[in-house]
Number of protein chains: 2
Amino acid sequence: SLAGAVARWRQEGHIAVWLHIPILQSRFAAAAASQGFTFHHAEQGSSTLTLWLGEEPSRLPGYATHQVGVAGAVLDESTGKVLVVQDRNKTRNAWKFPGGLSNPGEDIGDTAVREVFEETGIKSEFKSILSIRQQHKHPGAFGKSDMYIICRLQPSSFTISFCQQECLRCEWMDLDELARTKHATPITSHVAKLLLYGYQEGFDKIDITMREFPAVYTGLFYKLYHRELPESYRNIT
Amino acid sequence: SLAGAVARWRQEGHIAVWLHIPILQSRFAAAAASQGFTFHHAEQGSSTLTLWLGEEPSRLPGYATHQVGVAGAVLDESTGKVLVVQDRNKTRNAWKFPGGLSNPGEDIGDTAVREVFEETGIKSEFKSILSIRQQHKHPGAFGKSDMYIICRLQPSSFTISFCQQECLRCEWMDLDELARTKHATPITSHVAKLLLYGYQEGFDKIDITMREFPAVYTGLFYKLYHRELPESYRNIT
């Protein structure tokens, strides 16, 4: 029995037990729960349960705590206009930057470019991160936390063809007007002012730029975002 | 029966079904799976299953995709020394900044301060974000993505009392030495150079600073991180 096995594992000095249960065998999750197991996580066709056996407080690792949303501030430098949308299905019609949730395994800049294209039909290229917001117990995140990142994008196409399902309106708006209008969400309004500062005095004043590094163990590359570091410091050895 | 209910829901034009199942009733998850339901997520004592009934591709929202790790680069400006640790249980002993995973609902800066204190016994205060790294299919994240943020912290205590369970070594090291040593992880080495640049030429060259804003609907405050925005731009109306 499971009760007997748990007693034996405890006696043998194990401090944690993990169970992986295919969804069609979920009756075992109920049986395990009656022995004190709880869900660690579940996805698609299986669940993972844990039981902490140690005397001291649990050191079981948690599971993913954040969803990541990314928006694109697409600025046409030749006209000083920025791409904005109004969501369909909102009580208050406020201008905001197009964006959405990142897909599993998707890089920040790729999410911004994809979401901008899906919502507005505009093609663009990632330039930098402008801002990062963290919110907890997010209503749209099943009680989890939300990380919302706004990127600066450079457009490579200009004819809007927006998604009627998601957007009520979509237009190229004077950046100066977006920075001043009352009809924008507070974060859009604030980041519009930041972008205006960069547009007028140089993007090097506002950009959080990206560099790629080789990961030690996997051989893959990872992206690191930070303020620009002069060559003379990068090459210190 | 569930099969009958699903047929009716489909006929009535519903496009998605959500089931919330207490862990002790998990046999219903198996029954639902045989009707095509899959796990959306599960936590502690309950699971949530979904079934997409729409003709078009699923628009079901995902679940949390990222864990957030935060480290603290604690610099004693009076000596130019920075707090570093070596993990116990690693094959290669490399210096790094103390840090760990954020708890549910915990702000970035609070995670950095808490983890630094738990690992090293040093008390500190959050000053800014220095860097953000995104990695996917992270081995320590059950295949989910990892967001790793390094913060600049200012120490308010200086006597090390490090956690023997987590750390092999802990010391105040010359920042200049950390920027040059081969015995540091690549990201530590890179951020040490960034911190050295800030220490020598002004932290305003490297900081991503934090401002608090009232959230529109909840009345709570949220934290927004971006480059410093001059007063003259902040007050545009």
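Residues numbered from 1 in each chain as written. Chains lettered and ligands numbered in written order. Predicted model: local features only at pLDDT ≥ 70, side-chain atom pairs only at ≥ 80, totals over all residues. Heavy atoms only, no water.

### Digging into the overall build of chain A
Across its full length, chain A carries 6 helices and 11 strands. Taken over the C-alpha trace, chain A has a radius of gyration of 24 Å; the compact-globule value for 237 residues is 18 Å, which it surpasses by more than 25%. The buried share of chain A, reckoned over its 237 residues, is 54%. At a minimum sequence separation of 6, the contacts of chain A that also span at least 24 residues come to 59%. If you sum the accessible surface of chain A, you get close to 11100 Å²; carbon and sulfur atoms cover 51% of it. Of the side-chain charges in chain A, 25 are positive and 26 negative, and the distance between the mean point of each set is 6 Å. (Helix = DSSP H or I, 4+ residues; strand = E, 2+ residues; numbered from the N terminus. Rg over C-alpha atoms; globule rule 2.2 N^0.38 Å. Buried < 20%, exposed > 50% of the residue type's maximum accessible area, 1.4 Å probe, protein only. Contact = heavy atoms within 4.5 Å. Areas by Shrake-Rupley, 256 points an atom, 1.4 Å probe, with all protein chains shown as cover. Lys, Arg positive; Asp, Glu negative; His and termini not counted. Charge placed at Lys NZ, Arg CZ, Asp CG, Glu CD.)

### Focus on the relation of the copies chain B and chain A
Expressed as a screw operation, the relation of chain B to chain A combines 0.0 Å of axial shift with a rotation of 180 degrees, fitting to an RMSD of 0.0 Å. The symmetry that links the two subunits is that of a two-fold axis. Taking C-alpha positions as the reference, the residue of chain B nearest the rotation axis is R27(B), at 2.2 Å. Interface overlap between copies is the fraction of interface residues in one copy that are interface residues in the other; for chain B against chain A it reaches 100%, indicating a shared surface. (Least-squares fit on C-alpha atoms with pLDDT ≥ 70 in both.)

### Quick notes on helix α5 (residues 186-201) of chain A
Residues and elements named next belong to chain A. Under the 1.5 Å per step criterion, the end-to-end length of α5 is 23 Å for 16 residues, consistent within 8% with the ideal 22 Å. Of all 16 residues in α5, 12 are buried; the element is thus mostly enclosed. Residues of α5 that are buried: I187, T188, S189, H190, V191, A192, K193, L194, L195, L196, Y197 and G198. Within two residues after α5, G202 carries a phi angle of roughly 110 degrees, on the positive side. (Expected span 1.5 Å × (residues − 1).)

### Overview of the sheet that holds strand β1 (residues 16-22) of chain B
Residues and elements named next belong to chain B. On the basis of which strands lie adjacent, the open sheet formed by 3 strands has the order β1-β3-β2 and antiparallel pairing. Looking at the sheet topology across the chains shown, the edges are occupied by β1 and β2 (38-43). Adjacent strand axes in the sheet meet at a mean angle of 20 degrees when their direction is disregarded. Note: β2 against strand β3 (residues 46-52), 5 bridges, orientation antiparallel. By the bridge assignment for β3, A42 is matched with S47. (Pairing = 2+ DSSP bridges. Axes fitted to C-alpha atoms, helices over the stretch in contact; angles between N-to-C directions.)

### Considerations on the domain arrangement of chain A
What the domain assignment reports for chain A is domain 1 (2-52) and domain 2 (66-205). Between the C-alpha centres of domain 1 of chain A and domain 2 of chain A there is a distance of 43 Å. (Domains from an automatic or database assignment.)

### Focus: the interface of chain B and chain A
Listed by partner, the interface residues are 84 residues for chain B and 84 residues for chain A. For the pairing of chain B and chain A, the buried interface totals around 7400 Å² over both sides, and the portion due to carbon and sulfur atoms is 64%. By the criterion of area lost to chain A, the three top residues of chain B are F39(B), F142(B) and R227(B), representing 11% of everything that side buries. Across the contact surface, chain B and chain A share 2 salt bridges. Among the ionic pairs, K144(A) bridges to E43(B), the shortest N-O distance being 2.8 Å. Between chain B and chain A we count 37 residue pairs in polar contact (both at pLDDT 80 or more) in total. In terms of residues, the side of chain B that touches chain A owes the most to one element, helix α5 (residues 186-201) of chain B, which gives 9 residues. (Buried area = accessible area lost by both parts, 1.4 Å probe. Salt bridge = Lys/Arg side-chain N within 4 Å of Asp/Glu carboxyl O. Polar contact = N/O pair within 3.5 Å; in protein donor to acceptor, adjacent residues only side chain to side chain.)

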